[in-house]
Amino acid sequence: DAKTTQPNSMESNEEEPVHLPCNHSTISGTDYIHWYRQLPSQGPEYVIHGLTSNVNNRMASLAIAEDRKSSTLILHRATLRDAAVYYCILRVPGAGGTSYGKLTFGQGTILTVHP
Amino acid sequence: DVKVTQSSRYLVKRTGEKVFLECVQDMDHENMFWYRQDPGLGLRLIYFSYDVKMKEKGDIPEGYSVSREKKERFSLILESASTNQTSMYLCASTLLGTTADTQYFGPGTRLTVL
């Protein structure tokens, strides 16, 4: 999977919006942008993914830049339960068009939410 | 909801022991994965399987083997545990393996090798 760059850490206050940035300047046209998060003492969980258009789901929104070289995960109202490590991952097709679902995790962004 | 379960949350073994970590998924997923997670190194892929009895090495397969005799079950085997295999082990599964596919993780097994 191609490389992404995220800030090491961010802080937010409860009930405020949080914008988590990710740079992926080497992204190719068929690469999907995925976000996962990992709460303390748990396995990672899927948050959202997109290709070109902005995406919304019950957990978050994903804003993708027009040139696709960056994206932002938006938590509209942070809660204490959103404190986690957030990973931005590019999914690159492997041989035969599938990567078998392999994920390459970077260091992620540690999000701290203050009450 | 997809469920991925791992046989133990915490495990303590001695150097040289043979260790089995079991993972079961209940969603008929084709692909299953074993990762380990260490502070400062993030998650690293050990092995994965895209079908029953099929396996592929990940980024750090040395010292590990795997077994997938049934679709829902994927086992990670440490033939002779060593202290540098002390880590958090995470199992995951995904349906098809396309780039739009979602990966589901288990809760993890924290293995300590003494």
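Details of the structure are given in the entry above.
In this text, all values refer to a predicted model and were calculated from it rather than measured experimentally. (Residues numbered from 1 in each chain as written. Chains lettered and ligands numbered in written order. Predicted model: local features only at pLDDT ≥ 70, side-chain atom pairs only at ≥ 80, totals over all residues. Heavy atoms only, no water.)

Novice: So what's going on with the overall build of chain A? Which residues, and what values?
Specialist: A count of helical and extended segments in chain A gives zero helices and nine strands. Relative to the globule expectation of 13 Å for 115 residues, the C-alpha radius of gyration of chain A, 14 Å, shows essentially globular dimensions. If one aligns the C-alpha atoms of chain A with their principal axes, the spans along those axes are about 45 × 30 × 25 Å. Within chain A, the proportion of its 115 residues that are buried is 43%. By sequence separation, contacts in chain A at least 24 residues apart represent 59% of the contacts at least 6 residues apart. Surface summary for chain A: the accessible area is close to 5700 Å², and the carbon and sulfur share equals 49%. Looking at charge distribution, chain A has the averaged site of its 9 positive side-chain charges lying 8 Å from that of its 10 negative ones. (Helix = DSSP H or I, 4+ residues; strand = E, 2+ residues; numbered from the N terminus. Rg over C-alpha atoms; globule rule 2.2 N^0.38 Å. Buried < 20%, exposed > 50% of the residue type's maximum accessible area, 1.4 Å probe, protein only. Contact = heavy atoms within 4.5 Å. Areas by Shrake-Rupley, 256 points an atom, 1.4 Å probe, with all protein chains shown as cover. Lys, Arg positive; Asp, Glu negative; His and termini not counted. Charge placed at Lys NZ, Arg CZ, Asp CG, Glu CD.)

Novice: So what's going on with the sheet that holds strand E9 (residues 109-114) of chain A? Residues and values would help.
Specialist: All names here are of chain A. The mixed open sheet is built from five strands, whose spatial order is E1-E9-E8-E3-E4. Lying at the two open borders of the sheet, with one neighbouring strand each, are strand E1 (9-13) and strand E4 (45-50). Strand-to-strand twist across the sheet, computed as the mean angle between neighbouring axes with direction ignored, equals 25°. As judged from the seven bridges shared by strand E3 (residues 32-38) and strand E8 (residues 84-91), these two strands associate in the antiparallel manner. The partner of Tyr-32 across the bridge, within E8, is Arg-91. (Pairing = 2+ DSSP bridges. Axes fitted to C-alpha atoms, helices over the stretch in contact; angles between N-to-C directions.)

Novice: Could you give an account of the pairing of strand E8 (residues 73-78) of chain B, with specific residues and numbers?
Specialist: Residue and element names in this part refer to chain B. When you tally the buried positions in E8, you get five out of six residues, the bulk of the element. For strand E7 (residues 65-70) and E8, the ladder comprises four bridges, and the chain directions are antiparallel. Paired with Val-66 across the two strands is Leu-76, which belongs to E8. Here E7 folds back onto E8, and the loop between the two strands holds two residues.

Novice: Kindly report on the interface of chain B and chain A, identifying the contributing residues and their values.
Specialist: Contacts between the two partners involve 25 residues from chain B, matched on the other side by 23 residues from chain A. Interface of chain B and chain A: buried area, both sides summed, is about 1800 Å²; carbon and sulfur atoms make up 54% of it. Inspection of the region where chain B meets chain A yields zero salt bridges. On inspection of chain B and its partner chain A, the count reaches five residue pairs in polar contact (both at pLDDT 80 or more). At five residues, the largest contribution of residues to the side of chain B that touches chain A is made by strand E5 (residues 42-51) of chain B. A class-by-class count of the residues in the side of chain B that touches chain A yields 12 nonpolar, 11 polar and two charged. (Buried area = accessible area lost by both parts, 1.4 Å probe. Salt bridge = Lys/Arg side-chain N within 4 Å of Asp/Glu carboxyl O. Polar contact = N/O pair within 3.5 Å; in protein donor to acceptor, adjacent residues only side chain to side chain. Nonpolar A, V, L, I, M, F, W, Y, C, P; charged D, E, K, R; others polar.)

Novice: Help me get a handle on the state of the cysteines, residues and values and all.
Specialist: Throughout the structure, instances matching the rule amount to two disulfides over all chains. Residue Cys22(A) pairs covalently with Cys88(A) via a disulfide, S to S 2.1 Å. In this structure the cystine formed by Cys22(A) and Cys88(A) twists about its S-S bond by roughly -80°; its chirality is therefore left-handed. You can see Cys22(A) sitting in strand E2 (residues 18-23) and its partner Cys88(A) sitting in strand E8, a full 66 residues away along the chain. Across the pair, Cys88(A) and Cys22(A) agree in class, each one buried. One disulfide bridge connects Cys23(B) with Cys91(B), the sulfur atoms lying 1.8 Å from each other. Residues Cys23(B) and Cys91(B) are joined by a disulfide whose S-S torsion is about -75°; by sign, that bridge is left-handed. Of this pair, Cys23(B) sits in strand E3 (residues 19-25) while Cys91(B) sits in strand E9 (residues 87-94), and the two are 68 residues apart along the sequence. For the residue pair Cys23(B) and Cys91(B), the accessibility class agrees, reading buried in each case. (Disulfide = S-S within 2.5 Å.)

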